[in-house]
Protein chains: 2
Amino acid sequence: MAKIPHRLYLTEDQMPKQWYNLRADMKEQPDPLIHPGTLAPLPEDALYPIFCEKLAHQEVDGKTRYFDVPEQVQDMYKMYRPSPLCRAYNLEKALDTPAKIYYKFEGNNTSGSHKLNSAIAQAYYAKEQGLKGLTTETGAGQWGTALSEACSYYGLDLKVYMVKVSYEQKPYRKAVMQTFGASVTPSPSDTTEAGRAILAHDPLTTGSLGCAISEAVEAATTTEGYRYVLGSVLNQVLLHQSIIGLESKQAMEILGEYPDIVIGCAGGGSNLGGLIAPFMQDKLLGKADPRILAVEPASCPSFTRGRYAYDFCDTGHVTPLARMYTLGNGFIPASNHAGGLRYHGMSPILSKLYHDGYMEATAVKQTDVFDAAVQFAKLETILPAPESSHAIRAAIDEALKCKESGEAKTILFGLTGTGYFDMAAYEAYLAGTMQNHVPSDEELQGGFDTLPPQPAE
Amino acid sequence: MAKIPHRLYLTEDQMPKQWYNLRADMKEQPDPLIHPGTLAPLPEDALYPIFCEKLAHQEVDGKTRYFDVPEQVQDMYKMYRPSPLCRAYNLEKALDTPAKIYYKFEGNNTSGSHKLNSAIAQAYYAKEQGLKGLTTETGAGQWGTALSEACSYYGLDLKVYMVKVSYEQKPYRKAVMQTFGASVTPSPSDTTEAGRAILAHDPLTTGSLGCAISEAVEAATTTEGYRYVLGSVLNQVLLHQSIIGLESKQAMEILGEYPDIVIGCAGGGSNLGGLIAPFMQDKLLGKADPRILAVEPASCPSFTRGRYAYDFCDTGHVTPLARMYTLGNGFIPASNHAGGLRYHGMSPILSKLYHDGYMEATAVKQTDVFDAAVQFAKLETILPAPESSHAIRAAIDEALKCKESGEAKTILFGLTGTGYFDMAAYEAYLAGTMQNHVPSDEELQGGFDTLPPQPAE
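As the structure is a computational prediction, the values presented were derived from the model and not from experiment.

S.K.: Pulling in residues and values, what's your account of the interface of chain A and chain B?
M.R.: Think of interface size as the accessible area that goes away when the parts come together; that is how it is often given. On the chain B side, the residues contacting the 42 residues of chain A number 42 residues. Regarding the contact of chain A and chain B, the summed buried area is about 3900 Å², with carbon and sulfur atoms giving 60% of it. Here chain A and chain B share zero salt bridges between them. Secondary structure elements with two or more residues in the side of chain A that touches chain B: α2 (71–77), α5 (142–154), α7 (171–179), α14 (366–380) and α16 (423–431) of chain A. In terms of residues, the side of chain A that touches chain B owes the most to one element, α7 of chain A, which gives seven residues. Looking at side-chain class alone, the side of chain A that touches chain B contains 22 nonpolar, 11 polar and nine charged residues.

Next up, the structure:
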């Protein structure tokens, strides 16, 4: 066995040509989307006004184990994939740990994150259906940037509703999206009924992902030839993101490795669900038993302190209900939270797996996250996104446990992206002015109070 | 022959283990650095107060053809190298050209550019010599970021003098450098004699690379255990950057390709000199005859409108004189110039090769550069740095000439980096407010008037 390289790139020929649908191997399926009025499960065609048809099908199909990656999607994947599997030699050495630390780095593309993997798929299917354009929301802007690139590539119009506070704090993210031809509107806006209602209720609101989703869904369903797309949470998104895990597993096989622990940051679950997919398959099929660890912000702790309940995916209540770990659709993380992963809910697939005991979750404070981010940047020369740094924090903690126990575990974590547009948060951290916020039980109760009536069991 | 992939990564084993010193194959050597008072050539040891010893040696050694890349430098190279050789299939298709377009992409690292290749080497040699720290200047910030990463990695202190206008316009670049532990001072500052003199003369100056070099050199030579490092122009920098060309040539050989035209943007010449090195070697040795094309901004046209003369490398006249194509050390590009490549002079090696007819140069206007940048971003999904986009512009123009002539030429250009910190310039371009400036002969004369007295021929 040759020395394991710092970065392993699969060749273009080795790239996965199918996505893996984790639901096909789950003993129990995640609960389906239901109608908020009737509480009845939504059949595929009820989703057609929101999602294009192929994506609606992927959303509800829990049986098909593998979906072919369309050739035109593979073509765009080849512009930035395969992404490298990296061995964190320097980090291991600095921690003086017997653990072997690997990370799958998804930041080497202009969107700066893994979000492009699903953006491409969603834009492609929309174009294939003959649609004119798409709408979406974006927070920090990685998803909006990814979708701007994909829409530009396939020739679709794109309207992005960007959370107002991010729109104002990250003007350059907006400029990147505009460079790729997208129109970007700060949310809430007066361009939709949902936006106007939210503004009437709270004229000074700085917005939230939940608000922006409401506006984007409304804009899609009221504009001819448009559909809505979402960058996380949904089953279809986890399907597309399985490419992260499939490539990781293949690369580790080439190296003769298999992870004892797989760690991913968790906001809506798109990266985590994609990264763990083939490893969770092994676990579900009894072929292997890796620990799977989700890492979320202590200020937005949907897994660790949320409820497993049906909830709206948005604040304006225009979406179906999904059963997931949720803090309530009215929950908004504290304003001093700079670490991303702000969504109130969690992927229904991951929620079900967590609920059934197939994975663990932990919540970390943001100053601890930025400690890890800066340590990692200096050692591994990549400035990580705050989101990704949640996983770095947990990977370091696990490696330090190995140092104590003397176990040479193999750790794999997802490095979802780069932090070049998050320097205001880094500055606050370096200046020592970054605060932590752990919501009190009362604050959380305020979120839970916004949960809709639940169906009878 | 299999289909040529979109991105070809050499393996870690295939990485070059030696840098190539172009001077060793030049029929006539570039002129040496000379003392500004005596006008006598500077021997290696006269450079020791400024550069660390190994680098001073590399600066003056025109004979050694290959220098070993130290193992510790190779280790850090492996964190982000080999960089991919990319085939621009989409650009070719959009241009409907029979030309094959390749680009070597150096932007997949946190510095966002090729600058890291020399930063690592320079920091390593400084550490090896037992120095405490380094000083340097930075304009747009890519070099400063690269050196911050390298100094952090090897454990050296770093003082960066950042051109004041960039310090104010690009606060996030500063934050990245600070994240890696560098101290960043806006230049001109009152911390050096050179800075104070420049401020006394023009209190409102927004600074220039030439001013910042003066301050950094002064700080290095007056601080115990410090030396100065420069990110371009110097012979040693071109040596380190030869890794770009060596990898490119090796990757093209694997693909069965050889470029008819090699195109690089040219500011101080570090990328261009590195990219063309092995191809220029073929040309010098009569093994092949590729066209070599330098692309510079019309607003800072040192090759195409400068003089081949001895000049200071800085504005404050603290450096030796170098014989190079120069606009005069007092030349400052128009304030509306946003495209980078602002240095008044040009690498002495490239200047000599250009003077002797081995390469061509062209100057392009910045709106034409941004036209190319946006077209490229949409097709190839990488948002390019303005600097890099000069090469894109020329590559597109050459490919369009091939369309007219029907020739299926093979074009290779250097994509030096990404534009994530240059969005203000993109915004101006998108808003239609970006202006071009082509200096008048009188303006250029003002620069030439700052040239020092020349030695007798």
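S.K.: Tell me what's going on with the sheet that holds strand β11 (residues 291–297) of chain A, and back it up with residues and numbers.
M.R.: All names here are of chain A. Strand order in the open sheet made by the seven strands is β1-β4-β5-β15-β10-β11-β14, with mixed pairing throughout. Each having just a single partner strand, β1 (7–8) and β14 (360–364) make up the two edges of the open sheet. Pairing of β1 with strand β4 (residues 85–87), which is carried by two bridges, proceeds in the antiparallel orientation. Directly across from R7, in β4, lies its bridge partner C86. Packing against the sheet, helix α11 (residues 270–284) makes contact with β10 (261–265), β11 and β15 (410–415), and its axis sits at approximately 155° to β10.

S.K.: Before we move on, can you summarise the packing of aromatic side chains with the specific residues and values?
M.R.: Going through the model one piece at a time under the given rule, you end up with 36 aromatic pairs over all chains. Ring geometry for Y20 of chain B and Y66 of chain B: centres 5.5 Å apart, planes at 40°, overall tilted. Here Y20 of chain B, found in strand β2 (residues 18–20), pairs with Y66 of chain B, found in strand β3 (residues 66–68); they are 46 residues apart in sequence, far enough to count as distant. Given the relative accessible area of 35%, Y66 of chain B is considered partly exposed. Put simply, the rings of Y124, Y125, Y153 and Y154 of chain A pair up and form one aromatic cluster. Directly above the ring of F448 of chain A sits R307 of chain A, whose terminal nitrogen or CZ lies 4.1 Å from the centroid.

S.K.: Break down the environment of E398 of chain A for me, with residues and values.
M.R.: All names here are of chain A. Along the chain, E398 turns up in helix α15 (residues 386–405). Distance from E398 to I101, taken between C-alpha atoms, is 9.8 Å for residues 297 residues apart in sequence. Excluding its chain neighbours within four sequence positions, the residues that come into contact with E398 are I261, I263, R291, L293 and I411. Among the polar contacts made by the side chain of E398, one reaches the side chain of R291 at a distance of 3.1 Å.

S.K.: Can you tell me about the relation of the copies chain A and chain B, naming the residues and giving the values?
M.R.: Between the two copies, chain A and chain B, the superposition gives an RMSD of 0.0 Å; the rotation angle is 180° and the shift along the axis is 0.0 Å. Both copies of the chain, as the preceding transformation shows, are related through a two-fold rotation axis. It is N108 of chain A whose C-alpha, among those of chain A, lies nearest the rotation axis, at 2.9 Å. Of the residues that chain A buries at the interface, 100% are likewise interface residues in chain B, meaning the two copies contact each other through the same surface.

S.K.: Let's hear about the pattern of salt bridges: which residues, and what values?
M.R.: Residues and elements named next belong to chain A. Going through the model one piece at a time under the given rule, you end up with 42 salt bridges over all chains. Linking D422 and K170 is a salt bridge whose minimum nitrogen-to-oxygen distance equals 2.7 Å. Taken together, the positions of D422 in the loop between β15 and α16 and K170 in the loop between α6 (164–169) and α7 put the pair 252 residues apart, joining distant regions of the chain. You'll find D422 and K170 in the same group, each marked buried. Counted as one network, the salt bridges with shared partners bring together R81, K104, E106 and E247.

S.K.: Tell me what's going on with the confidence of the model for chain A, and back it up with residues and numbers.
M.R.: Across chain A, the average pLDDT comes to 96, with 100% of residues at 70 or higher. Taken over the whole predicted complex, pTM reads 0.96, whereas the ipTM for its chain interfaces reads 0.94.

S.K.: So what about helix α17 (residues 441–448) of chain B? Which residues, and what values?
M.R.: Residue and element names in this part refer to chain B. Restricting attention to buried positions, one finds in α17 the residues L444, G447 and F448. Buried residues along α17 cover an arc of 100° about the axis, so they all sit on one side. Packed against the buried residues of α17 are α12 (302–305), β12 (307–312) and β13 (321–326).

Thresholds applied
Residues numbered from 1 in each chain as written. Chains lettered and ligands numbered in written order. Predicted model: local features only at pLDDT ≥ 70, side-chain atom pairs only at ≥ 80, totals over all residues. Heavy atoms only, no water. Contact = heavy atoms within 4.5 Å. Buried area = accessible area lost by both parts, 1.4 Å probe. Salt bridge = Lys/Arg side-chain N within 4 Å of Asp/Glu carboxyl O. Helix = DSSP H or I, 4+ residues; strand = E, 2+ residues; numbered from the N terminus. Nonpolar A, V, L, I, M, F, W, Y, C, P; charged D, E, K, R; others polar. Pairing = 2+ DSSP bridges. Axes fitted to C-alpha atoms, helices over the stretch in contact; angles between N-to-C directions. Phe/Tyr/Trp six-rings, centres within 6.5 Å; stacked < 30°, edge-to-face > 60°. Buried < 20%, exposed > 50% of the residue type's maximum accessible area, 1.4 Å probe, protein only. Lys NZ or Arg CZ within 6 Å of the ring centre and 35° of its normal. Polar contact = N/O pair within 3.5 Å; in protein donor to acceptor, adjacent residues only side chain to side chain. Least-squares fit on C-alpha atoms with pLDDT ≥ 70 in both. pLDDT = per-residue confidence, 0-100. Arc of directions from axis to C-beta.

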